[in-house]
Amino acid sequence: MMYPLRQVNDTPDAQHSSMSDRFISTNYHTDCYHCRQLADQHIHVMPNRADVTCENCNATRVFVPLLEDVDEAGMFANPGRWPVWSLAVPATCRNCGVDGLHDLTVSCRNITVRCRNCRFTHVYRFNLEYMAEDTSGGKTAGVVSGHATCP
């Protein structure tokens, strides 16, 4: 059962000031889905979107919010058939306000962030991928696509 995206109080205060522009920002060193090279994958998860960008080729996958809710029994954790990245990252929860570990799962089609304190879960779905501008040549390295290129 999927729940609609619910509004969360975004009123800035001292306890939540770190939430103003980034919820989670971390790196994961693995092979890139696009260039197949070992490189840091920059993961940025914000309330309104999530991005994964390869440090080597700048291929970027953009994910948009699908739902936010308290995940009582792990029912939102559906990574699919492709390998996933399972990380534990520090963040301030938008629901309970606790600054603690969150379980971050990145799969081909979804990104899930779950607070270990209150189980509040953000689920993002894959939206599009693109190649950033090549700074050495000044041209784009690829085209915008709405289709996932999972391994």
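Residues numbered from 1 in each chain as written. Predicted model: local features only at pLDDT ≥ 70, side-chain atom pairs only at ≥ 80, totals over all residues. Heavy atoms only, no water.

**Notes on the sheet that holds strand β8 (residues 120–131)**
Stated formally: Strands pair, by our definition, only if DSSP identifies at least two bridges between them. Segments assigned H or I by DSSP are reported as helices when at least four residues long, segments assigned E as strands when at least two residues long, and all are numbered from the N terminus. Axes here mean lines fitted to C-alpha atoms, for a helix over just the part in contact, with angles spanning 0 to 180 degrees between N-to-C directions.
Read across the open sheet, the 8 strands follow the order β1-β2-β3-β4-β8-β7-β6-β5; overall the sheet is antiparallel. Every interior strand has two partners, whereas the edge strands, β1 (24–31) and β5 (85–92), have only one. Looking at each pair of strands side by side, their axes are set apart by 25° on average, direction ignored. In the sheet, β1 pairs with strand β2 (residues 38–46) via 8 bridges, with the strands oriented antiparallel. Directly across from Asp31, in β2, lies its bridge partner Leu38.

**Digging into the nonpolar core**
Put simply, the rule is: Here, nonpolar core means buried Ala, Val, Leu, Ile, Met, Phe, Trp, Tyr and Cys residues that are tied together by side-chain atoms lying within 4.5 Å of each other. Categorising residues by exposure relies on relative accessible area from a 1.4 Å probe, with only protein chains included: less than 20% of the type maximum marks a residue as buried, more than 50% marks it as exposed, and the intermediate range marks it as partly exposed.
If you look at the biggest cluster of nonpolar residues, it comprises 17 residues, and the most contacted ones within it are Ile24, Ile43, Val45, Leu104, Ile111 and Val113. The biggest single contributor to this core is β5, with 4 residues.

**Side note on the pattern of salt bridges**
Using the following cut-off: In the sections that follow, a salt bridge refers to a side-chain nitrogen of Lys or Arg positioned within 4 Å of a carboxyl oxygen of Asp or Glu.
Going through the model one piece at a time under the given rule, you end up with 4 salt bridges. Between Asp103 and Arg116 there is a salt bridge whose closest N-O contact spans 2.8 Å. Here Asp103 is found in strand β6 (residues 99–106), whereas its partner Arg116 is found in the loop between β7 (110–115) and β8, with 13 residues between them in sequence. Owing to a relative accessible area of 24%, Asp103 belongs among the partly exposed residues under this scheme.

**Here we look at the environment of Glu129**
Quick reminder of the rule: Polar contacts, as used here, are pairs of N or O atoms within 3.5 Å; protein pairs need one atom able to donate a hydrogen and one able to accept it. Residues neighboring in sequence count only if both atoms are side-chain atoms.
Following the sequence through the fold, Glu129 ends up in strand β8. Residues Glu129 and Thr53, spaced 76 residues apart in sequence, show a C-alpha to C-alpha distance of 9.6 Å. A polar contact of 3.2 Å, which involves the side chain of Glu129, links it to the side chain of Tyr33. At 3.4 Å, the side chain of Glu129 and the side chain of Arg61 are in polar contact.

**Things to note about the packing of aromatic side chains**
Definition in use: Aromatic pairing here means that ring centres of Phe, Tyr or Trp (its six-membered ring) are within 6.5 Å. Orientation follows from the plane angle: under 30 degrees is stacked, over 60 is edge-to-face, and everything else is tilted. A ring is considered to have a charge above it if a Lys NZ or an Arg CZ atom is located within 6 Å of its centre and within 35 degrees of its normal.
Inspection of the entire model under this criterion finds 2 aromatic pairs. Each ring, one from Tyr28 and one from Trp85, has its centre 5.1 Å from the other, and the planes form 40°; the classification is tilted. Within this pair, whereas Tyr28 is found in strand β1, its partner Trp85 is found in strand β5, the two being separated by 57 residues in sequence. The class for Tyr28 is partly exposed, based on a relative accessible area of 26%. The interplanar angle of 75° and the centroid separation of 5.9 Å between the aromatic rings of Phe63 and Phe126 together place this pair among those described as edge-to-face. Remark: Phe126 occurs in strand β8 and Phe63 occurs in strand β4 (residues 59–70); sequence separation between them is 63 residues. The same class applies to Phe63 and to Phe126, which are both buried. Above the face of the Tyr33 ring, Arg61 is positioned so that its terminal group lies 5.0 Å from the ring centre.

Everything listed here is a matter of coordinates, which is why it stays silent on function.
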